[in-house]
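Commentary on secondary and tertiary structure
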Amino acid sequence: MISDKQEPYLLSFDMKKTIKYAAGFMLLATGLTGCTDLGETLYDQVASQNYYNTKDDVVRAVLRPFEHAFWSVQSRQVLNEETADQLITPTREDWWDDGGRWARLHRHQWLTTNGEAQSEYNGCFQGIMQTNLVIEDLDKLSAAKFGFSDAEFNNLKAQNRVLRAWFYLRLLDMFRHIPLAVSYYDTDKNSKGQVEPKVIYDFIESELKAAIPVLIKKSASGGNQTIQGQWTQAGAAALLVRLYLNAKVYIGEDHCTDCAQYAQGILDGNYGTYKVADRWDAAFDWNNETCDELIFAFPGSAGYSHWHYTGDMYWWSVPSKAKDWLHDQKNKQGDHNIKYSASPSYNPKGEKYNYELGMPIERFKMYPSDVRLKKYTNLGNNKREGMFIYGKIAYTDENGNTAYLKDHNGKYTLDLRDAVGKFGATDGDKWLASADSRLENGDDNSGWMFVKYPLYSDDEAGQLEADYSEIRLPEIIYSLAECKLRQGDAAGAGKLLNEVRRRNYPSNDWSTALYAPEGSAKLDMKEMLNEWGREFFAEGRRRVDLIRFGKFLDAWWDKDADADDHTLIFPFHRDILGANKALKQNPGYKD
């Protein structure tokens, strides 16, 4: 163990098992809280002072909100990807209409009665009140009584302060005008209604800056194994990078200098030891706790929590009958569901669109040797290649014969293409007579699908073992590159991006695939946004990137330009307003 006189406490325990142990208490918390009534009891008797009897009790209490936080990423994924230009959910004949929900999100036509953003608001405030309770409980406890040094105990408290800031950053991003709740026990300390976005911004900034010195610093290579699932100095600093990068969006102030300062500090090792992996998929693979690219991840495991492998996330980004191909049903996760596809590059007649936005597959193909463009394949022995699923998907059936995946009704062989239409049994090299292409007239063949986290078979030890990559070092590199580009340093920005990009292309293609001055590819603001989309494809951040680049209101496939800018933030559902009469609806939406 690290000397408590030298470093903050390094939590030495099985994070995955501890999170599972805590999950039962989290379920109780979620069941008892009214989400928008910030004064309700969260933990009942479980969270009373009688709960804290041992050192392990304290650690488990600290980690309870982390399980909820991991679960809550699902709503963020929906709001940040379905409303943006890269991912779509077309109607698949008799599937995925859902009363027009996905079309409304795609076209920015959400209403206060739809409730698309309600889960994000409720989920984040549940997490905030859970962290408030733990922070206040620990303030009442004695470190020495439980065998902690002051440094160890301060690190434990900082874990929940950073997690609370992470929740607030999401709420600021989605809604801007939100309440500030800092206490579970004394609700007089909480605002009655919304505060100005600058108040939330300043709170997040101050909390993260205060936490950094008392958090553990990753001091060696080999990933986050011994500090898995914990906030570190680099994790808190990375949240500051996120905050500063989007400051102009959130509060109308340019904080690129601050963003660059913290980003450079992370790259210089001031907050710990990190390194870009030599493979794009290393940060998403089954053993990614050993990957030095990961700054913060929620621990995942087949036997414990793996929320990114559930509905509305990556479990629904492959064909519905994919279990026949992947042989991955041992863990009773349920059938896959053909929800997400890449937004199309072609109309049903085979003619390429010319949209500035969207068309993500075509953006990847700008550099045709990109290894991510290979068709996804499980290679055995916990190995995979490729990220996308397209064309016909062959597999070996139970009789040892070659077969092909069919649509969800079993009527025709799938032949996925980069277009949306009712293709049915039409071969992939043939097209339709009509160019009509809308979310409402798709089928199972509409759009390339993808596998970001590996879907290994039942026979693989790594099945569903990947941790959820919340913060990767490339995010810091890209943030710094964007700041440099905005300040006119295209060469410096290009060199930074190439540190990541070179792993995606064969070395004999670097002369054309890398940005100048190390290659011939040109980097400008349009290409910077394209590159954000390639590196962070389907990682739940596309909406805020579009907003920062001034493109979120523009037109793309099956979406007209927004009439005004009120859709940059989401409305409050009427149930949220009804639960707190001091709240006011966001501008541009009817009460």
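Residues numbered from 1 in each chain as written. Predicted model: local features only at pLDDT ≥ 70, side-chain atom pairs only at ≥ 80, totals over all residues. Heavy atoms only, no water.

Things to note about the overall build of the chain
To keep it simple, the criterion reads: Numbering of helices and strands runs from the N terminus; a helix is a DSSP stretch of H or I covering at least four residues, while a strand is a stretch of E covering at least two. Buried means the residue's accessible area, taken with a 1.4 Å probe over protein chains only, is under 20% of the maximum for its type, while exposed means over 50%, and partly exposed covers the values in between. Contact between two residues is taken to exist if any of their heavy atoms lie within 4.5 Å; hydrogens are not considered. Only the protein chains shown count as cover for residues, and all accessible areas are computed by the Shrake-Rupley method using a 1.4 Å probe. When charges are counted, Lys and Arg are positive and Asp and Glu negative, with His and the chain ends excluded. The atom standing in for a charge is NZ when the residue is Lys, CZ when it is Arg, CG when it is Asp and CD when it is Glu.
The helix and strand tally for the chain stands at 17 helices and 10 strands. By principal-axis analysis of the C-alpha atoms, the chain measures approximately 75 × 55 × 55 Å. Within the span of the chain, comprising 591 residues, buried residues form 62% of the whole. Residue pairs at least 24 apart in sequence account for 70% of intrachain contacts in the chain once pairs closer than 6 positions are excluded. About 21700 Å² of surface is accessible on the chain, with carbon and sulfur atoms providing 46% of the total. In the chain, 71 positive and 86 negative side-chain charges are present, and the distance between their average locations comes to 1 Å.

Things to note about the pattern of salt bridges
Here is the rule: What counts as a salt bridge is simple: a side-chain nitrogen of Lys or Arg found within 4 Å of a carboxyl oxygen of Asp or Glu.
A full pass over the atoms with the stated rule returns 46 salt bridges. Where E535 meets R472, a salt bridge forms, and the shortest distance between an N and an O atom there is 2.9 Å. You can see E535 sitting in helix α15 (residues 525–535) and its partner R472 sitting in strand β10 (residues 468–472), a full 63 residues away along the chain. What makes R472 buried here is its relative accessible area of 2%. Here R501 makes a salt bridge to E531, at a shortest N to O gap of 2.7 Å. With a gap of 30 residues between them, R501 in helix α13 (residues 490–501) and E531 in helix α15 connect regions that are remote in the sequence. E531 shares its class with R501; the two are buried. Residues joined by salt bridges that share partners form a network here, namely R76, R242, E470, E475, E482, R486, R541, D545 and R548.

Side note on the side chain of R541
Let me state the cut-off plainly: In protein, a polar contact means a hydrogen-donor-capable atom and an acceptor-capable atom, both N or O and within 3.5 Å, with residues adjacent in sequence counting only if both atoms are side-chain atoms; elsewhere, any N or O pair within 3.5 Å suffices.
Checked against the element boundaries, R541 lands in the loop between α15 and α16 (542–548). A relative accessible area of 11% places R541 in the buried class. A polar atom in the side chain of R541 sits 2.8 Å from the side chain of D545. Once residues within four sequence positions are removed from consideration, R541 is found in contact with N80, E81, L245, E475, W532, F536 and R548.

Topic: α13
Under the convention used in this document: Expected span, for any helix, means 1.5 Å times one less than how many residues it has.
For α13, which comprises 12 residues, the first-to-last C-alpha distance of 15 Å matches the rise-based estimate of 16 Å (1.5 Å per residue) to within 8%. For α13, the full list of buried residues reads G492, A493, G494, L496, L497, N498, V500 and R501. Looking at the packing, one finds that the buried side of α13 touches α9 (256–267), α12 (473–486), α14 (510–513) and α15.

Some words on the packing of aromatic side chains
Here is the rule: Here is the rule: rings of Phe, Tyr and Trp (six-membered ring for Trp) pair when centre to centre is within 6.5 Å. Planes less than 30 degrees apart are stacked, more than 60 are edge-to-face, and the remainder are tilted.
A complete count under the given rule lists 40 aromatic pairs for this structure. For the ring pair F125 and Y168, a centre distance of 6.2 Å and an interplane angle of 90° mean the geometry is edge-to-face. Separated by 43 residues along the polypeptide, F125 in helix α4 (residues 118–140) and Y168 in helix α5 (residues 150–175) bring together distant segments of the chain. Assigned by exposure class, F125 and Y168 land together as buried.

Digging into the nonpolar core
To keep it simple, the criterion reads: To qualify as a nonpolar core, a set must consist of buried Ala, Val, Leu, Ile, Met, Phe, Trp, Tyr and Cys residues joined through side-chain atoms within 4.5 Å. Where each domain starts and ends comes from a domain assignment, either automatic or drawn from a database.
Ranked by size, the top nonpolar core spans 166 residues in total, and within it Y168 and W231 carry the most contacts. With 14 residues, α5 is the single largest residue contributor to this core. Looking at which domains feed residues into this core, each of domain 1 (54–210) and domain 2 (308–345 + 357–459) supplies at least three. Contact partners of Y168, with chain neighbours within four places excluded, come to F125, I128, I178, P179, L180, A181, I200, F203 and I204. Formed by 7 residues, the second largest nonpolar core is a distinct cluster that contains I88, A103, Y353 and L439.

Re the UniProt feature "domain: RagB/SusD" (unreviewed entry) in the chain
What counts here: UniProt positions are given in the numbering used here, feature names are shortened, and annotations may be inferred rather than shown by experiment.
UniProt annotation of "domain: RagB/SusD" (unreviewed entry) refers to residues 433–568 when read in the numbering used here. With 35% helix and 5% strand, the stretch residues 433–568 has end C-alpha atoms that lie 37 Å from each other.

Comments concerning the side chain of E207
Looking at the secondary structure, you find E207 in helix α6 (residues 197–211). By relative accessible area, E207 is classed as buried at 8%.

As for the packing of helix α2 (residues 55–82) against α5
The criterion, for reference: An axis is simply a line fitted to the C-alpha atoms; with a helix, the fit covers only the stretch in contact. Between two such axes, the angle follows the N-to-C directions and lies from 0 to 180 degrees. The scheme is simple: roughly parallel for angles under 35 degrees, roughly antiparallel for over 145, roughly perpendicular for 65 to 115, oblique for anything else. Note: crossing handedness is left-handed where the near helix turns anticlockwise from the far helix by less than a right angle, and right-handed where it turns clockwise.
It is the contact of α2 with α5, at a shortest axis distance of 11 Å, that shows an interaxial angle of 20°. Considered as vectors, α2 and α5 are oriented roughly parallel to each other. α5 is crossed by α2, and the crossing has left-handed handedness. Counting all contacts with α2, which are made through V58, V62, P65, F66, H68, A69, S72, V73, S75, R76, L79 and N80, the residues of α5 involved are F153, L156, Q159, N160, L163, W166, F167, R170, D173 and M174.

Looking at α4
Between its terminal C-alpha atoms α4 stretches 33 Å, which fits the 33 Å expected from 23 residues at 1.5 Å a residue. Most of α4 is tucked away, with 20 of its 23 residues classed as buried.

Observations regarding the UniProt feature "domain: SusD-like N-terminal" (unreviewed entry) in the chain
As annotated in UniProt, the feature "domain: SusD-like N-terminal" (unreviewed entry) corresponds to residues 95–245 in the numbering used here. The straight-line gap between the two end C-alpha atoms of residues 95–245 is 39 Å; of that span, 56% is helix and 0% is strand.

Points about the environment of I227
For I227, the location among the structural elements is in the loop between α6 and α7 (233–245). Remark: the alpha-carbon pair of I227 and Y412, spanning 185 residues in sequence, is separated by 48 Å.

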